[in-house]
Amino acid sequence: MVFWLIAAAANLVVGAFVGLTGVAGFLLPIVYTGPLSMGVTEGLALSFAAFIVSGALGSVNYKRAGNLDIPFGIRLSLGSLLGAVIGVKLNLIIPESMVKILLYVVVLLSGISILLRKDRTEEEGNKGYVISDHLAATLVLGFVTGMICALSGAGGPVLVMPLLVVLGIGIRTAVGVALFNSVFIGIPACIGYMMQCNMKSLLPVMAAALVFHGMGVTFGSRNAVRINQNLLKKGIAVFSILIAVWKLFFS
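The structure presented is a predicted model; accordingly, all values stated were derived computationally and were not measured.

## Focus: the nonpolar core
Generally speaking, nonpolar side chains in soluble globular proteins are found buried as a group. Core analysis: the biggest nonpolar cluster contains 68 residues, and Phe-48 and Leu-164 have the highest contact counts within it. Of the residues forming this core, the biggest block, twelve residues, is contributed by helix H9 (residues 171–194). When residues no more than four places from it in sequence are discounted, the contact partners of Phe-48 are Cys-149, Ala-150, Gly-153, Gly-155, Ile-185, Gly-186, Ala-189, Cys-190 and Tyr-193.

## Overview of the side chain of His-213
Within the secondary structure, His-213 sits in helix H10 (residues 199–222). Residues within four places of His-213 in sequence aside, it is in contact with Asn-11, Leu-12, Val-14, Gly-15, Leu-28, Ala-50 and Ser-54.

## Re the state of the cysteines
Scanning the model with the defined rule gives zero disulfides in all. Cys-149 takes part in no disulfide bond, and the closest cysteine sulfur, belonging to Cys-190, lies 15 Å away. No disulfide involves Cys-190; its nearest neighbouring cysteine sulfur is the one of Cys-197, lying 8.9 Å away.

## With respect to helix H4 (residues 70–93)
Given 3.6 residues per helical turn, the α-helix brings residues three or four places apart onto the same face. Taking 1.5 Å of rise per residue, the 24 residues of H4 would be expected to cover 34 Å, and the 34 Å separating its terminal C-alpha atoms lies within 8% of that figure. Among the structural elements, helix H3 (40–64), helix H5 (96–116), helix H7 (135–152), helix H8 (157–166) and H9 are those in contact with the buried residues of H4. Structurally, the start of H4 carries an N-cap: the backbone nitrogen of Phe-72 is 3.3 Å from a side-chain oxygen of Asp-69.

## Observations regarding the packing of H4 against H7
Between two packed helices, both the angle of their axes relative to each other and the distance between the axes serve to describe the pair. It is at 6 Å that the axes of H4 and H7 come closest, and there the two elements cross at 35 degrees. Both H4 and H7 take part in a crossing whose hand is right-handed. Its residues placed into classes, the contact of H4 with H7 shows 15 nonpolar, nine polar and one charged.

Calculation notes
Residues numbered from 1 in each chain as written. Predicted model: local features only at pLDDT ≥ 70, side-chain atom pairs only at ≥ 80, totals over all residues. Heavy atoms only, no water. Core = buried A, V, L, I, M, F, W, Y, C linked by side-chain atoms within 4.5 Å. Buried < 20%, exposed > 50% of the residue type's maximum accessible area, 1.4 Å probe, protein only. Helix = DSSP H or I, 4+ residues; strand = E, 2+ residues; numbered from the N terminus. Contact = heavy atoms within 4.5 Å. Disulfide = S-S within 2.5 Å. Expected span 1.5 Å × (residues − 1). Polar contact = N/O pair within 3.5 Å; in protein donor to acceptor, adjacent residues only side chain to side chain. Axes fitted to C-alpha atoms, helices over the stretch in contact; angles between N-to-C directions. Left-handed = near helix turned anticlockwise from the far one by under 90°. Nonpolar A, V, L, I, M, F, W, Y, C, P; charged D, E, K, R; others polar.

And the structure:
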């Protein structure tokens, strides 16, 4: 019973944070491999299934708001599909202990990135170099980030979004594209990890987790305008850094 309560609560809360800010999905693998004591492969399969749901729901909301560049998102995601497949294959040949360390390092760097990053406006984001104008760079970025996310369980937006902002995409569009892109990272990653799991025991957990994750994302996306997103992102960043440092050095 405790297992189910933790899984449901984690997906509900993380889903709400994703809906509110576009980030925080990277916390799910830590919950699965930490408090729930699941293997890395099972934890990543469940996490990427959730990322597909949050990415799809978030993309719809950002498209309705006019903050999703679908042509650019498709080009980025073509690279991510291949990168995610390779990332899964790398994960399966790297020792589980090393994958956990990589996961915590990515979470630590993601938290630091969120904490230090200054969000640009759409106007500021579109000055100078804009990666959406360069097909080769877009495909390479998609490939590299897809591989890292699928390998580590980082999800997508927490890594892709700040890079897009740095490379000339406005913040709102960057969040929308990153959520859209996370679906294309999540599908091959989820399938790849599920093939290595006991499907009979995993599917009931996945079904329950996705219901609560979807509820959280829906609630968060509908209430995003009422929340100080900058303050919430900073809180997520501090929490992520503390969790990663604890896992890396004290567990």
